[in-house]
Amino acid sequence: GPPWAEAQAKPAELKIGIVSFLSGPATVFGVPSKNAAEWLIEKYNREGGIGGVKIRPVYADEAGGAEKQVAEFRRLVLDEKVDLVIGYISSADCLAVAPVAEELRKLTVLFDCGTNRIFEDSKYKYVFRTKAHQVLDSVAAAKYVLSVKPNVKTIAGINQDYAWGRDSWESFRRAMLKLKPDVQVVAELWPKLLAGEYSAEISRLLVAKPDVIHSSFWNGDIIGLVKQGAPRGLFSQSLVVLTAGEHMLQDVGKDMPEGVVIGARGDHWFLHNANDPLHKEFVDGYRARYGRYPIYPSYHMYQAVAGVKAAYEKAMKAAGGAWPSLDQAIKAFEGIEYRVPPGRTMTIRGDHNGIEPAIMGLTKHDPKYPFAILDRMMVFPAAEVNPPLGVKSNDWIDSWKK
Amino acid sequence: MTVAVVILLDGVLYAAVLFLVAAGLTLVYGVMRILNIAHGSLYALGAYAGTSLVLVYLKTGGPAPLMYLALLAGAVVAGAIAGPLVERLLLRPIYGREEVVQLLVTYSLFLILEDVMKLLWGVDPYYVAKPYAFLGTVTIAGVRYAWYQLLLIAVALATGVLVSLAIRGTRLGRMIVAVTADREISATLGINVGRVYTLAFTAGAILAGLGGALVAPLISVAPGISVEAIVLAFAVVVIGGLGSLEGAALGALIVGITRAAAVQLFPEIELATVYLIMVAVLLFRPRGLFGEWETRRI
Amino acid sequence: MRGGKALPLVAAAVFGAAPLVLPGWVTFLLTLAVAKSVMVLAIALLLRGGLVSFGHGMFFAAGAYTVGMAMKWGGMREAVVLTFLGVLAAAAAAALLGLLIARYRGIFFAMLNMAISMVVYAVLLKLYWVTGGTDGIGIRTPTILGVMPERESLRLVMYYFTLVMTLPAFYAVHRFWTSPLGFALRAVRDNEVRVEYMGTSVARVIYAAYVLSGALGGLAGILTGFSVGHIVPDLAYWTTSGEFVFVAVLGGPASIPGPLVGSIAFEFLKSYAYKYAAFTWQMTLGVTMLAIILFMPGGLWTIYEGLARQGRQWRLSWKRTG
Amino acid sequence: MATVLETHGLTKSFGGVLAVDDVSVAIAPGEIVGIVGANGAGKTTFVNLVTGYLKPDRGRIIYLGRDITAHPPREVTGLGVARSFQIPQIYASLTVLENVLIALAAREGQSLRAWAPLSTRVREAEGLILLEPFGLTEHAARPVSELPQGGLKLLDIALASALMPRLLLLDEPTSGVSSAEKFGVMDTLVSILQARGVTVIFVEHDMDVVTNYAGRVLAFSEGKILADGAPGVVLADPAVRKAVLGWA
Amino acid sequence: MGVNALEVKDLSVKLAAFVILRGVSFAVPHGSTVGLVGRNGAGKTTTLKSIVGLAPVLGGEIRLDGRDLTAVAPHHRAGLGLGYLPEDRRLIASLTVEENLRLPLWARGERGDGARLKLAYDLMPELAPLVRRRAGALSGGQQKMVALARAVVTGTKLLLLDEPFEGVSPALSRRLAEVIRSLQGVAVLVTESDANRMRLLTEQIYTIERGEIIQR
Ligand SMILES: Nc1ncnc2c1ncn2[C@@H]1O[C@H](COP(=O)(O)OP(=O)(O)OP(=O)(O)O)[C@@H](O)[C@H]1O
Ligand SMILES: Nc1ncnc2c1ncn2[C@@H]1O[C@H](COP(=O)(O)OP(=O)(O)OP(=O)(O)O)[C@@H](O)[C@H]1O
Ligand SMILES: [Mg+2]
Ligand SMILES: [Mg+2]
């Protein structure tokens, strides 16, 4: 229809449901992302909101499983009457909530979950993801490993026994074998999520002596691995790749061994492009308020909230300043480009999925910081670590020539 | 050969950790017939308290070896505070009610403690690695181990011996048995039923806390560690035969060694090892390894 | 349900009219609560025999995954057929496992169930190219008797579908409760020796109850799967089962409406705890549950139970004098 | 058939304690046999062996010509043997009437029925009649947990007799039952059982009850049968008087 | 201190919804044995339970040596010298006989062998072969004997014996009666359903019916 027919009166506020883990083991991601949302929304509101409309966040806990999240999503939409939902760290929750978003016709922005299944297996009208999926981490890791250790012969994986761990390892292994076909896999270990104690796994890896060890561990598990592995020489024996390692550096502090490959699940890290004004503002503001540097889930949340703002503003512009309808907002969201820390452009492609560059680096201690920072950092442009639009991840890796 | 030695050693190491977590649970069940779901929370509480105290202590710059004392003290204090509180306020009103009700109460307690710990310690992981790394390492069968791990074996052994002596040999132990079997009659014999229970539960809570504190230097102390601890402890205790300390020790060994073997030989099944062992053991010994059948006098 | 014949009718009227007056998300919660109440009923059934299952989630999962797989791999779409299939699968699983499990009591019954359920969990997780692993399987909107519900009325239709499928379960358990087998189960809990000395096989009593309970668990899983639209291996995780046990005790396992009341109360309690205490909902839930246990020893349904007992006594004394 | 029950060299020991030592008896249909003996003489163990609760170390048990030696309680009960217990075995969370109804359903072989109600008009009526001789009718609707000790004992016997057995074993049926009631109860019970031709074996410490109701007495001492015969004869036996009655 | 070891005045007890005892009054003089006779359900057990503190008292007084017990916790009553033999024995099945007998000593914090325990063994030499056995494995009558011994160990002032002769063979009954009669300096309250049997033990008998003392 004609744009004026759809133009709506400006609402008093834009109510956003924000869902992340506030209890259980994934709070290490959930709370830093909630913090980022809080900080950014306050900043936006100070600056006049979105086209004059203030944002009001409604926070919800992601704990409780997929079924609980479906119920919570409905409550947020039907009871809290939120205008849109930003959320979900767990892939299962993303997969469960997406169809409900379609059923309820509610704009939903997935901010952190990594599964590539979501947009590769289905098409959604109302669902977006403002970040790249997990293939990025594994592909960047493989490329980085080959650049710092080109003569790698043997690799091993230690990954949590669930979808994230499985998918991460599968992509990494595939990419390694494609890039260096003579590489041998000498161990694939699958401790269960939250096992915490890895003595036997570490022994196995010490016995197998692989050149490279890949791990997509996160939360307490990754800390446990570092704590138990470092004194036993695991990190000096092999080149260890921790694809989600960035988030725990501040926790582990000076105990972090040097020379470990760390991924940041994107190109966001507080010292990368640290002088970009947008980035600096975020890092300083976040640190002042929460006493820590933002970690990757904080950046992911930033990308989501900023994405919503960008999409609404783009839609308003297209509608000549009028408040956009939902369809207009969605239309604006597709293919949008906007600025995010660390001072680069975020692109949401036509498949509703974002793509990002990736950084990898080696840990190194610097007297200026009480924890390890990244050395020999490499930035992989988005096109190198994300499959082209419409190509499935595994097909993409398989299609590499080498 | 190396692999066999490594499996055995890793198995025993893991068993020590498991046993430390499970001992308090089996003690409380053995004497009070209460299956304490909040046991994992008490374990977490010990881990938090111990870690915090070590962190505080390390800041003072005192001699490093004393940090182990700080670690233990934190756990003991946590257990000694939480134990009596929980027993008096929550368990006392429900003695004599069905087992499921007791489960329900301890489950509620678990939920409450989860958030209490979150409020007290926040969500960022508590991290202290020094007690683990401080003692240095030793190379066995070509694999490097931390002395702290070996120390845990000794501590687990000592704990086992002490606790079993306490239950078996002492008058208090027998009185606890009596109170559990028949509260009313025990009271008419002059036993201060309430005090005996408070003591027994507090002992269990302190053991749980010690388990947490001793494991804390290996792991990341963060929300969610309670749940893992409790399932493993349950499994170990059930495999061994509820209430039996020897059983818990043997159960821990079996689980530990099987898991170590699985990691070395069939990593794919690691996820289910504990449960597979439990099914297998219960198939052949329906009351666990050390569980006894009691023919009731009729 | 001896208290009054009117009660089921009143209940039917209330539940029938509920979605017409309640807001959409409440209807959804109610759908979920009703679906899960069948699982709670299954747990309560065993509780009557003094048996606590900490692994009943496996039947929940058996039902749900049968439907999920039949949809994903078999392309089936018809809710009634799928429900039938799922219940059958769950009952078959219970019939098989029951052969083993009927020998166990007390904590060991609880833990063996838990262990097997955890193995099922591990299998669902491991076979991820079939089951989707922890990411789970999406359950698409089914047809009901060949008719595909409209998006606008979908939730309403799913609610009534759930309600209609739940009724026979409750009626069956009601019959079971008052039947010789139902009493034999209570007798088993009180005194197995005497049961055997009456010539009744304790193992068979438990077996029969277990199969029925498994089938109910399957039904609950199916209905929950339909209403949520996504299933994950967590259904078989022990905490899922544990939660149902708690709801059963909370509602009052000794009555037919107890599980329903408990299930609804718990679902709403949880939802409101999430809503008003997003950061401390566990504590809120825990404190509420403690209050219920300490002050309503028979569960939420205590009040009704008290009335029913008086009614029963009155009836008997009337019978004797009359 | 000549005998209802025969035991041949029945022996059972617990650790070092020889509880039942080479006991051989034969009991004819319709007999009412009293078992007396000092405490710990092995009377209850004997009953437990016969009804399959315990497995004998040695010896055989023949019931109506059938070897039931290794049979578990359920099978023994299925063959028409019922028993009561020294420590009442009842369903403590149910009412008195419900206890009896369960027994009646079990006797009818309907225990595994899951659809029809337990409590039918017919069964309830029968249950109330059954409770009559035990003076429990007025307590029918009460939870068993409210009964006094004597009431539990009587209910326990009522449950056994509800099974309409051919052989009934009663372990101290009147202990705990007040002297005001026990003879009344025994009178009615025994006459009913006699009318039905039930063979009865009862263990008893009250010699008045034994002399009044037993047609034959077995005196146990240290696991062995010390004397076997008519009450007057057995109770007059000096060895029995010393071991059981405590008269020198 | 009066002449009575135990004095019960106007005792009323309510269990569940029923008033079980109504205005029960009686006394047990120092060093004497008093019997409480009544049929099943008369309230004998309830009376004893309320004295040891296992049944809630609705009204009235229970005085031991003049001291009102109604507000005293059960385990303190034991400390005051009250020994109780429950009619259903209630030994701790998983403990040995010896441990069962020592429980009251341990509760009092007594070390060593304890004079009361020695007294019990002296009075009942029949216990000797049983001491190492699990209490739960004993026969009914044997358990009764152990329970009596346990009451003797606990009860330095007053023994409350609930139907001590039920399930006990005539031979042992005679012995137990002897034991009870030979106790020095301890008041005894015994219940029984048979007045004649009671007379073998004592002439001081109260009859209880439907929760009321009808005759002394
Ligand atoms: N399960 C058991 N374990 C060990 N010993 C047992 C067991 N059952 C019985 N006994 C012992 O066997 C002997 C016989 O016991 P039984 O119960 O048969 O005696 P009883 O004649 O019935 O005595 P009472 O008249 O006291 O009931 C006793 O010494 C008893 O302690
Ligand atoms: N928990 C209870 N709730 C309600 N009534 C009870 C309860 N326990 C006992 N009663 C009733 O109290 C009355 C007295 O019981 P009590 O056990 O004192 O009798 P008793 O004289 O010891 O009888 P017995 O000789 O059979 O042991 C009985 O009528 C009994 O039904
Ligand atoms: Mg006996
Ligand atoms: Mg009595």
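Residues numbered from 1 in each chain as written. Chains lettered and ligands numbered in written order. Predicted model: local features only at pLDDT ≥ 70, side-chain atom pairs only at ≥ 80, totals over all residues. Heavy atoms only, no water.

Asks: Would you take a moment to explain the environment of Leu194(A) for this structure?
Replies: With respect to the helices and strands, the residue Leu194(A) is situated in the loop between strand S7 (184-189) and helix H8 (199-208). Accessibility expressed as a relative area gives 21% for Leu194(A), which makes it partly exposed. Distance from Leu194(A) to Gln328(A), taken between C-alpha atoms, is 43 Å for residues 134 residues apart in sequence. Sequence-distant contacts of Leu194(A), that is, excluding residues within four places in its chain, are made with Pro25(A), Asn219(A), Asp221(A) and Glu228(B). (Helix = DSSP H or I, 4+ residues; strand = E, 2+ residues; numbered from the N terminus. Buried < 20%, exposed > 50% of the residue type's maximum accessible area, 1.4 Å probe, protein only. Contact = heavy atoms within 4.5 Å.)

Asks: How should I be thinking about the side chain of Ser175(D) in this particular structure?
Replies: Following the sequence through the fold, Ser175(D) ends up in the loop between strand S7 (167-171) and helix H6 (179-196). Judged by its relative accessible area of 12%, Ser175(D) falls in the buried class. Beyond its immediate sequence surroundings of up to four residues, Ser175(D) is in contact with Lys153(D), Glu166(E) and Gly167(E).

Asks: Before we go on, may I ask you to explain unusual backbone geometry in this structure?
Replies: Most peptide bonds take the trans configuration, and most residues that are not glycine carry a negative phi. A cis geometry characterises the amide bond from Pro341(A) onward to Pro342(A), with omega recorded as 5 degrees. Along the chain, Pro342(A) turns up in the loop between strand S11 (337-340) and strand S12 (344-348). Notably, Asn219(A) is not glycine yet its phi reads approximately 45 degrees, a positive angle. Its identity as a non-glycine residue notwithstanding, Arg33(B) has a phi of 60 degrees, on the positive side. Within the element layout of this structure, Arg33(B) appears in the loop between helix H1 (2-32) and helix H2 (39-60).

Asks: Would you mind going over the confidence of the model for chain D with me for this structure?
Replies: Note that predicted coordinates carrying low pLDDT should not be read in detail. Residue and element names in this part refer to chain D. Residues of chain D with pLDDT of at least 70 account for 99%, and the chain-wide mean is 93. Here helix H9 (residues 238-245) stands out as the least confident element of chain D, with mean pLDDT 88; helix H3 (residues 96-107) is the most confident, with 97. Reported for the predicted complex are a pTM of 0.92 and an ipTM of 0.91. (pLDDT = per-residue confidence, 0-100.)

Asks: What is the right way to look at helix H6 (residues 147-169) of chain B in this model?
Replies: Turn by turn, an α-helix covers 3.6 residues, leaving residues three or four places apart pointing in a common direction. Across its 23 residues, H6(B) extends 32 Å between first and last C-alpha, which sits within 8% of the 33 Å expected from 1.5 Å per residue. Here H6(B) has its buried residues at Tyr148(B), Gln149(B), Leu150(B), Leu152(B), Ile153(B), Ala156(B), Thr159(B), Gly160(B), Val163(B), Ser164(B) and Ile167(B). (Expected span 1.5 Å × (residues − 1).)

Asks: Whenever I open this one, the pattern of salt bridges confuses me. Can you help?
Replies: Close approach of charged atoms allows side chains with opposite charge to pair. The tally for this structure, following the rule as stated, stands at 67 salt bridges over all chains. Notably, a salt bridge pairs Asp67(D) with Arg60(D), separated by 3.6 Å at the nearest N-O pair. Residue Arg60(D) is classed as partly exposed on the basis of its relative accessible area of 42%. When salt bridges that share partners are traced, they join Lys15(A), Glu72(A), Arg75(A) and Glu80(A) into one network. (Salt bridge = Lys/Arg side-chain N within 4 Å of Asp/Glu carboxyl O.)

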